[in-house]
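Here is what each chain is made of, one letter per residue.
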Amino acid sequence: MINLIGLGSSYTLSRLSRGKFQFGKPFSLSIEPTTACNLGCPECPSGLKQFSRPTGKLNIELNAKILREVAGHVFYINYYFQGEPFLHPDFLELIKQAKKHQIYTATSTNAHFIDEKKAEEIVKSGLDRLIISIDGITQKNYEQYRVHGDLSKVISGTEHLVIAKKRLNSSTPHLIFQCLAVKPNEDEIPAIINLGHEIGVDEVRIKTAQLYEYKQGNPLMPSNEEYSRYKLQKDGTYSLKYKTGNNCWRMWSGSVITWNGRVVPCCFDKDAVHQLGDLSTSTFSEVWKNKKYQMFRQTIFTSRNSIDICQNCSEGSKVWT
């Protein structure tokens, strides 16, 4: 509670003084298990295999080091950034390490690697929340975004998880069907919601999609503007629907760590362009308070739109449940 009060007060003071105050440490993290992915989604650098940064998988020892350093203030870790987490051969060991520190854990998956045995292992690992991406009710529409994907594997993997939870009498992981709303699947959204309820997931979410190229329109942009992060302007171009000013709570509440220990500001820095420190050579506390991180926060409060990853930010974007 003291840490949260420090974060909140320093964020408020920093908004007034343009980023000069930093009390407390983040209560949430995103940690990347791997950059590898079996799919080829068109708006994802992992799927497109277009990273300029090194690719690989998180070392178990590095994960343990990070956990020791953040356990006193972090109570939520999303083991996801880029890539498919279940391609990490020891992914559930990462989860078990975090659970030893009583940290709430979450991840996101395309569910292609969850058979009956793996579903039981997931439930027993203690994973608290699992987002399952399902972006269509038919194979034809699903694979237009989840390129190389197999919808039947997503459905069967989800069913295995629901059954495993019942068999083991477990309330976790909290299962979320998440549909990324794009033009090919927007007419199927009601059916996706119904399918989630029929299978027995705990929650269904419809999420707007980030598109890299949007100003002149995009084939993936939904016709229904309610499902889009972008709006049509009078001149025929598109702009972000939700505007944000020179502020960002994420710079105080959380941080993102790549598979090789590089710290980046948030999940929009997919290619780790804005590296703020290296946890293989420094502690998290040292990185969190270093000059580079402080300067980045100050830029957020003075000229946020000058930062490339902030120019297509989803702060304020809509998610339906």
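Residues numbered from 1 in each chain as written. Predicted model: local features only at pLDDT ≥ 70, side-chain atom pairs only at ≥ 80, totals over all residues. Heavy atoms only, no water.

Novice: Could you give an account of the side chain of Asn110, with specific residues and numbers?
Specialist: Tracing the backbone through its elements, the reader meets Asn110 in the loop between β3 (104–109) and α5 (116–125). Judged by its relative accessible area of 4%, Asn110 falls in the buried class. Among the polar contacts listed, one links the side chain of Asn110 to the side chain of Asn38, at a separation of 2.9 Å. Excluding residues that lie within four positions of it along the chain, Asn110 makes contacts with Cys37, Asn38, Leu39, Glu84, Tyr142 and Val154. (Helix = DSSP H or I, 4+ residues; strand = E, 2+ residues; numbered from the N terminus. Buried < 20%, exposed > 50% of the residue type's maximum accessible area, 1.4 Å probe, protein only. Polar contact = N/O pair within 3.5 Å; in protein donor to acceptor, adjacent residues only side chain to side chain. Contact = heavy atoms within 4.5 Å.)

Novice: Which residues make up the pairing of strand β1 (residues 28–31), and what are the values?
Specialist: Neither face of β1 is open: one carries Ser28 and Ser30, the other Leu29 and Ile31, and all of them are buried. Pairing geometry for β1 and strand β2 (residues 76–78), over 3 bridges, is parallel. Paired with Leu29 across the two strands is Ile77, which belongs to β2. Taken together, the 4 bridges between β1 and strand β9 (residues 254–257) define a ladder with parallel strand orientation. Residue Ser30 lies in a different strand from β9, and its bridge partner there is Val256. (Pairing = 2+ DSSP bridges.)

Novice: Explain the nonpolar core to me, using residue names and the numbers behind them.
Specialist: In terms of nonpolar packing, the biggest core is built from 82 residues, with Leu29 and Tyr79 touching the most fellow members. In this structure Leu29 touches Ile66, Val70, Val74, Tyr76, Ile77, Asn78, Ser255, Ile257 and Phe284, once residues within four positions along its chain are discounted. (Core = buried A, V, L, I, M, F, W, Y, C linked by side-chain atoms within 4.5 Å.)

Novice: Any chance you could break down the pairing of strand β5 (residues 174–181) for me, citing the residues and the numbers?
Specialist: Regular strands show a simple pattern: their side chains alternate between the two faces of the sheet. Most of β5 is tucked away: 7 of the 8 residues are buried. Pairing geometry for strand β4 (residues 129–133) and β5, over 5 bridges, is parallel. Bridge assignment links Arg129 to a residue of β5, and that residue is His174. Here β5 pairs with strand β6 (residues 203–208) via 6 bridges, running parallel. Residue Gln178 lies in a different strand from β6, and its bridge partner there is Arg205. Handedness of the β5-helix α8 (residues 189–199)-β6 crossover: right-handed. (Right-handed = clockwise from strand over helix to strand, strands pointing away.)

Fair warning: the whole summary comes from geometry, so function is off the table for now.
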